[in-house]
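# Architecture and fold: a report
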Amino acid sequence: MKKRRAVVTGIGVVAPNGIGTKEFWNNTVQGVSGVKKITSFDTARLSSKIAGQVAGFEPARFIPKDILPLTDRFVQLGMASAKMALEDSRLSLAEENRARIGVIFGTNFGGVFFLQSQIKAWHTKGVHRFNPICVPVITLNALSAQIAIMHQLYGPTFVVAASCAAGSFAVGESFRKIVNGEVDVVVSGGSEALIAEMTFGAHDALRVLSKRNDPPEEASCPFDKRRDGFVLGEGAASLVIEEYERACRRGADIYAEIIGFASNSGAYHMVIPKPDGADTIRVMQEALRDAGIRPKEVQYINAHGTSTIQNDKVETFAIKEVFGKRAYEIPVSSTKSMIGHTIGAAGAIEAAVCCLSLKLGVITPTINYRCPDPACDLDYVPQTSRSAQVSVAMSNSFGFGSTNACLVFRRSD
Amino acid sequence: MALTKKSVEKKVIAILAETLDRPAQGIRKDAQLVDDLGINSFTMIRVVYMVEEFFSVRVEPESIGSIRTVADIVDHIIEQSSRGT
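What counts, and where the lines are drawn
Residues numbered from 1 in each chain as written. Chains lettered and ligands numbered in written order. Predicted model: local features only at pLDDT ≥ 70, side-chain atom pairs only at ≥ 80, totals over all residues. Heavy atoms only, no water. Helix = DSSP H or I, 4+ residues; strand = E, 2+ residues; numbered from the N terminus. Rg over C-alpha atoms; globule rule 2.2 N^0.38 Å. Contact = heavy atoms within 4.5 Å. Areas by Shrake-Rupley, 256 points an atom, 1.4 Å probe, with all protein chains shown as cover. Lys, Arg positive; Asp, Glu negative; His and termini not counted. Charge placed at Lys NZ, Arg CZ, Asp CG, Glu CD. 1 Å grid on protein atoms, 1.4 Å probe; cavity = no way out; pocket = protein on both sides within 12 Å on 5 of 7 lines; lining within 4 Å. Points joined across faces, edges and corners; volume = space filled by probe spheres on them. Nonpolar A, V, L, I, M, F, W, Y, C, P; charged D, E, K, R; others polar. Buried area = accessible area lost by both parts, 1.4 Å probe. Salt bridge = Lys/Arg side-chain N within 4 Å of Asp/Glu carboxyl O. Buried < 20%, exposed > 50% of the residue type's maximum accessible area, 1.4 Å probe, protein only. pLDDT = per-residue confidence, 0-100. Pairing = 2+ DSSP bridges. Axes fitted to C-alpha atoms, helices over the stretch in contact; angles between N-to-C directions. Parallel < 35°, antiparallel > 145°, perpendicular 65-115°, else oblique. Left-handed = near helix turned anticlockwise from the far one by under 90°. Disulfide = S-S within 2.5 Å.

So, about the overall build of chain A. Regarding its fold elements, chain A presents 12 helices and 15 strands. Rg of the C-alpha trace for chain A: 20 Å, near the compact-globule value of 22 Å for 413 residues, within the 12% margin. Expressed as a percentage of contacts within chain A between residues at least 6 apart in sequence, the contacts between residues at least 24 apart total 79%. Per element, the accessible surface of chain A, about 15,200 Å² overall, is 53% carbon and sulfur. Computed over 45 positive and 40 negative side-chain charges, the separation of the two mean positions in chain A equals 1 Å.

The next thing to look at is the layout of surface pockets. Volume-wise, the largest pocket comes out at about 380 Å³. Val 271, Pro 273, Thr 308, Asn 311 and Phe 400 of chain A are the residues nearest the centre of the largest pocket, which is lined by 25 residues in total. For the lining of the largest pocket, the elements supplying multiple residues, two or more each, are α9 (278-291), α10 (309-323) and β14 (392-399) of chain A. Grouping the amino acids of the lining of the largest pocket by side-chain chemistry returns 10 nonpolar, 12 polar and three charged. Of the volumes computed, that of the second largest pocket is approximately 290 Å³. Around the second largest pocket, the lining comprises 16 residues; the ones closest to its centre are Asp 66, Ile 67 and Leu 70 of chain A together with Thr 19 and Arg 46 of chain B. Of all the secondary structure elements, the ones that give two or more residues to the lining of the second largest pocket are α5 (142-151) of chain A together with α1 (5-20) and α2 (41-55) of chain B. Looking at side-chain class alone, the lining of the second largest pocket contains seven nonpolar, four polar and five charged residues.

Quick look at the interface of chain B and chain A now. Chain B puts eight residues into the contact, and the matching count from chain A is 11 residues. Summed over both sides, the interface between chain B and chain A buries roughly 890 Å², with carbon and sulfur atoms accounting for 52% of that surface. Three residues stand out in chain B for area buried against chain A, namely Asp 21, Arg 46 and Tyr 49 of chain B, and they jointly supply 55% of the buried area on that side. If you look at where chain B meets chain A, you find four salt bridges. For the side of chain B that touches chain A, the class distribution of residues is three nonpolar, no polar and five charged.

Moving on: the pattern of salt bridges. Side chains carrying opposite charge are able to pair once their charged atoms draw close together. Going through the model one piece at a time under the given rule, you end up with 27 salt bridges over all chains. Residue Arg 129 of chain A is joined to Glu 52 of chain B by a salt bridge in which the shortest nitrogen-to-oxygen separation is 2.9 Å. Note that Arg 129 of chain A is positioned in the loop between α3 (112-125) and α4 (134-138) and Glu 52 of chain B in helix α2, a pairing that runs across two chains. Taking the relative accessible area as the measure of exposure, Arg 129 of chain A reaches 8% and is therefore buried. Accessibility expressed as a relative area gives 7% for Glu 52 of chain B, which makes it buried. Put simply, Arg 246 of chain A and Glu 242 of chain A hold a salt bridge, and the shortest N to O gap is 3.0 Å. Comparing Arg 246 of chain A with Glu 242 of chain A shows no difference in burial state: the two are buried. Taken together, the salt bridges that share partners define one network made up of Lys 125 and Arg 129 of chain A together with Glu 52, Glu 53, Arg 58 and Glu 60 of chain B.

Below, the discussion takes up the confidence of the model for chain B. Mean pLDDT for chain B: 92, with 95% of residues reaching 70 or above. Per the prediction output, this complex has pTM 0.96; the corresponding ipTM is 0.88.

Residues and elements named next belong to chain A. Counting buried positions along strand β5 (residues 101-106) gives six out of six residues, so the element sits mostly inside the fold. Here β5 shows no split at all, with Ile 101, Val 103 and Phe 105 on one side and Gly 102, Ile 104 and Gly 106 on the other all buried. Bridge count between β5 and strand β7 (residues 185-192): six bridges; the pairing is parallel. Bridge assignment links Gly 106 to a residue of β7, and that residue is Gly 190. In this sheet, strand β6 (residues 157-160) lies alongside β5 in parallel orientation, the contact comprising four bridges. Of the residues in β6, the one forming a bridge with Val 103 is Thr 157.

Here we take up the packing of α3 of chain A against helix α7 (residues 197-205) of chain A. All names here are of chain A. Two elements in contact, α3 and α7, have axes separated by 8 Å at closest approach and are oriented at 100°. With respect to α7, the axis of α3 lies roughly perpendicular. Of the residues in α7, those in contact with Val 112, Leu 115, Gln 116 and Ile 119 of α3 are Glu 197, Met 198 and Thr 199. Of the residues contributing to the contact of α3 with α7, the split by class is four nonpolar, two polar and one charged.

All names here are of chain A. Across the interface, α9 lies against α10 with an axial gap of 9 Å and an inter-helix angle of 45°. Overall, the two elements α9 and α10 adopt an arrangement that is oblique. Every pair of crossing elements has a handedness; the one defined by α9 and α10 is right-handed. Contact with α9, carried on its side by Thr 280, Ile 281, Met 284, Gln 285 and Leu 288, involves Val 314, Phe 317, Ala 318, Ile 319, Glu 321, Val 322 and Phe 323 of α10 and no other residues of that element. Its residues placed into classes, the contact of α9 with α10 shows nine nonpolar, two polar and one charged.

What follows concerns the state of the cysteines. Counted under the stated rule, the structure contains zero disulfides over all chains. With no disulfide of its own, Cys 221 of chain A lies 8.2 Å from the sulfur of Cys 371 of chain A, the closest cysteine sulfur.

For the peptide bond that leads from Asp 214 of chain A to Pro 215 of chain A, omega is -5°, which places it in the cis range. Within the secondary structure layout, Pro 215 of chain A lies in the loop between α7 and β8 (235-243). In the Ramachandran plot, Ile 343 of chain A falls in the positive-phi region, its phi being about 50° despite a non-glycine side chain. Here Ile 343 of chain A shows up in the loop between α11 (336-339) and α12 (346-360). You will see that Ser 56 of chain B, though not glycine, has its phi angle at about 50°, which is positive.

Right under this line is the structure:
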């Protein structure tokens, strides 16, 4: 029997530098940052005062009126991206066997805006005054469940909480389910919305955020010597991932094929990357093996590239271990330089970037890269996009808790 | 401020209209919550919560079962608020 293959046939992105795939892609190609000063709450006593924020997002444009009151921002961003991806795929859901369509997303914190309002109500009014909609609004799987409910999709529906790699895990697990024959289509991706006092303050307390507050758009500088932490971001991306033969039969426009996925753990620490990079080296090697390709075939790497001192150093080292001398010839760029770190959405947004790069022949830049660090000595595509017909692209995602994922994509001819 | 039946009724209908996402004009005071308005158990606890928050009354879980119409909600609020004063 012929091996089943999985391709991406629809993309929807809601990111700090663009709502909708077209706006996001145009701004990403042009190196436009979506990082701004936080104005929604008082940051005076915080070290970090900036974030990648989705401005001007109108959830009512994307979500039915009866569902909207039961959604927090992470669900709203995710539902908007899913709707756009499904429209982009031109799938005719009414004619589909929707029991063969799954919904798999990455996210980590849930409905934090509603939760923090409920914590205030608890403290001012008492423990008996929680709003009865609290559980369905804050729970992580509201993301996948509300997308399934809105579009009446009856396949496997769940979220993956794999920290900063959650979006990549979701895409990877969706790829597996299609290749294994469990489903034919998955609406997959990631979403996260953490620019609320509770979750922003918690990240600030962890001392992982950049303090380079002014100007905000220059704070996230992956691989640059001046980097001092990541910029927290919010956003979502959805990919419609589909079995290749049926995508061809219905004449779908294919962005790219997903050819490899691996995930593993460094089992090292909740927030510190393993210094020798053994886990990240292994996850890239296993993804290449899964894809059935040799390292020399990879022509672009969308890095995890968080702009933290440790990640960017270890990731650079790991890439050199996997690709040897050729590492210096591979363009490596970080989408987080423009939108910050969107945590559970990051891997999905970066998967979307890889697919668009393969389809449209453009490698997007690492903006704000100006001061070289001897520990980071690869080609990071500084400032400006490049035209390049890339055949194979790799996307790295390395999360808190030593949780790693790596995806490999191939251009569809 | 004393609650009038009319003002309570108007607010209860507004809460139902908002929760059910339907026009207030179509909600009569003698409407059956389940049969006429299609309220399910989840919507009912949302309505109860909003009523409790707005009128500062308590609808005990054991009383919810005896509330069958819009008018029952109104009567319950007036009864509870008169007890509290």
